[in-house]
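Chain by chain, the residues run as shown.
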Amino acid sequence: MAKQPYLKVESIVKKFGPFTALNGVSLDVYPGEVHALLGDNGAGKSTLIKVLSGVHAPTSGQIHIEGKPVNFRSPRDASNAGIGTVYQDLAVNPLMSVTRNFFMGRELTSGPRPFGLLKMDEMDRITHDEMLKIGIDISDPQQAVGTMSGGQRQTLAIARAIYFGAKVLILDEPTSALGQKQQMEVLKTMMRVRARGDIAIIFITHNEIHSKLVADRFTFLALGQVIGAGTHKELEGEDIRRLMAGGAEIKDLERDLAEL
Amino acid sequence: MSGRSESDRLKQESLLMRLVRRPEAGAFFVMVVVIVLVTIASNGNAINPLGIKNNLAIIAQFGIIATGAALLMIAGEFDLSIGSMIGFAGMSMAMMLKWGLPFGLGEATPASAFFITLAMTLSLGWLIGTIVVRSGLSSFIVTLAFLFGLRGTTEVAFRLINQSTQISGLPDFKQEYFFARIFGGESFGWFYDLWFALGGNLNRRDEQWVTGLDVRVVWWILIVLLAYIVLNRTQMGNWIFATGDNKESARANGVPVNKVKIGLFMFTAFCATIFAACQVFDTNTADAAKGNLKELEAIAIAVVGGTLMTGGFGSVIGVVFGAVTFGLVANAVFYIPWIDGSWYRVFVGVVLLAAVFANERIRKRITGGI
């Protein structure tokens, strides 16, 4: 693989007082790939996201972007470096229109901030086009986000992050709160973003089936450490399930259950 | 796949249905009913030349403070200090005009009294906003503290300096100062001149009866226009909606949530100061009790106008309809002799409760809830 990783994470350690949340985590994220980050509750996935998106500074270790070392002091630093995080709650406002959500905090205006007049027509057009690119044809960009399905809201948050310059898209459990059909919509959206070729996706999930469907590369976390990593080819299905469970063998579980 | 997408499930509606479904629709309907009822019950006296002037005087008063209260509520906060701020600002201006500027700086003019007062009230608005956003306490409690504190301060200052909680018999500054006419003078004289020229607007001796509206009507229109444009057409407006809808997501997207809130607390203080200035320069009096309970009327009008108690949604135009409704009913006792004025409060209670239910339905419809 001659490609250079867009984002390279090297031996990140994050301690909260006596508690070690991350103990030397490394991963490489390539443009045009989906990198699944899997692990049980408490494995350190959320902490890793927060380090990558500039919410927490790592205790030690280094993040590289396009080969250059970077230090994020705030979420804004991370965002400027091209890391767009789509959190589980999506950061959308249900009472506001699709367009107003899309440009929230980054409105297009003519005139001095913050009292410049909104260029609503232009923003409507961009919102409609960007949503269409990612697979949703919204008939009315002025409709309230509250009328959209969970999958569409997810898509809105993803389209917004990409439009405002995200090169690495961190999706925090994007399928976990959705129904079956909407989960498929989100997976399709991810594959459309992947097909662009210039954006890397970090896909945090509990769901091994989803990760096998879309991911090119896997990293498994357990108790703050990487317990397995590799490409889709390198890992067999059984491996994935075993690593998902934090290294526990399903056979052991079967035996334990039988003994009860 | 049948080629249907989820967006197809949102039906396109006719223009009429869209208008009926607008958040202002209920307030508009109530306003029309009230205008018709008051007009009939008063034998048309409520809309004769003097009736229009007197009704618009109180409607404009309500409208000025309710617009400020509504913008703040859309951003998710309350201001219960509006009424006390009116009393404080009126006291401050009248006291300077009677006793001179503080620290022995000499005689006050209407302009200096107004601007020094405005500087104080804006600072108080800033202080209230800063306490709310820094402490994370409910604005209900913080502004309730200022409701009591400011009213008490006003009374104490009156008694210390003036020996009485009222000032009356100030010179009529409108005669001499243009600046006093900006707040206490008349406007829309052309409207009444035209009415007279067309054969109406006559008194018993067939002379022109009413010469113009109170100038506060112009202030109301200006504040409404400003609020409408800022809320619906500017970046700041998007920030106000975002702050009230979901503060955390607004912050995550780079909206300066705290500055928005502090700015709006200053805006309600500004509206209260305009209210007080119009009152002081119109009547040349001040009273420590001025503005009592006005904060609750402002909030009630904002709610009747379609503003959600929980923030994130509301309409400046709806607040206009609400102000007209409340002003007409509050004044109805002067035009309908047989009515007991206390029915006004009964009306406020009933309409308020109905509006809260209606707003809740609107909110659920927008958010797709059941």
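Attention in this report is confined to the structure presented alongside it. (Residues numbered from 1 in each chain as written. Chains lettered and ligands numbered in written order. Predicted model: local features only at pLDDT ≥ 70, side-chain atom pairs only at ≥ 80, totals over all residues. Heavy atoms only, no water.)

1. Focus on helix 10 (residues 216-233) of chain B
Next, step 1: In this model helix 10 of chain B runs 25 Å from its N-terminal to its C-terminal C-alpha over 18 residues, within 8% of the 26 Å that 1.5 Å per residue would give.
Next, step 2: Listing the buried residues of helix 10 of chain B in full gives B:Arg216, B:Val217, B:Trp219, B:Trp220, B:Ile223, B:Val224, B:Ala227, B:Val230, B:Leu231 and B:Asn232. (Helix = DSSP H or I, 4+ residues; strand = E, 2+ residues; numbered from the N terminus. Expected span 1.5 Å × (residues − 1). Buried < 20%, exposed > 50% of the residue type's maximum accessible area, 1.4 Å probe, protein only.)

2. Side note on the nonpolar core
Next, step 1: Core analysis: the biggest nonpolar cluster contains 114 residues, and B:Phe183, B:Trp220 and B:Ile240 have the highest contact counts within it.
Next, step 2: Of the residues forming this core, the biggest block, 15 residues, is contributed by helix 13 (residues 257-283) of chain B.
Next, step 3: Every residue in contact with B:Phe183, bar those within four places of it in the chain, is listed here: B:Phe114, B:Val215, B:Trp219, B:Ile274, B:Ala277, B:Cys278 and B:Phe281.
Next, step 4: Core analysis: the next-biggest nonpolar cluster, separate from the first, contains 43 residues, A:Met123, A:Ile136, A:Val186 and A:Leu243 among them. (Core = buried A, V, L, I, M, F, W, Y, C linked by side-chain atoms within 4.5 Å. Contact = heavy atoms within 4.5 Å.)

3. Digging into the sheet that holds strand 10 (residues 200-205) of chain A
Residue and element names in this part refer to chain A.
Next, step 1: One open sheet holds the 6 strands; their spatial order is 6-9-10-3-11-12, and the pairing between them is mixed. Edge positions in the open sheet fall to strand 6 (83-86) and strand 12 (225-231), since each of these has one partner strand only. The sheet shows a mean angle of 15° between the axes of neighbouring strands, direction not considered.
Next, step 2: Pairing analysis gives 5 bridges linking strand 9 (residues 168-172) to strand 10, with the strands arranged parallel. Bridging from a neighbouring strand, Ile 170 pairs with Ile 202 of strand 10.
Next, step 3: Helix-sheet contacts for helix 6 (residues 180-196) involve strand 3 (34-39), strand 9 and strand 10, and the interaxial angle to strand 10 is about 155°. (Pairing = 2+ DSSP bridges. Axes fitted to C-alpha atoms, helices over the stretch in contact; angles between N-to-C directions.)

4. Structural notes on unusual backbone geometry
Residues and elements named next belong to chain A.
Next, step 1: Along the chain, Arg 113 connects to Pro 114 via a cis peptide bond; the corresponding omega equals -10°.
Next, step 2: The backbone phi angle of Ser 11 is positive, close to 35°, even though this residue is not glycine.
Next, step 3: Looking at where Ser 11 falls in the secondary structure, it is placed in strand 1 (residues 7-16).
Next, step 4: What makes Ser 11 partly exposed here is its relative accessible area of 40%.
Next, step 5: At Glu 173, a residue that is not glycine, the phi angle is positive and equals roughly 45°.
Next, step 6: Relative to the helices and strands, Glu 173 is located in the loop between strand 9 and helix 6.
Next, step 7: Since its relative accessible area comes to 11%, Glu 173 is described here as buried.

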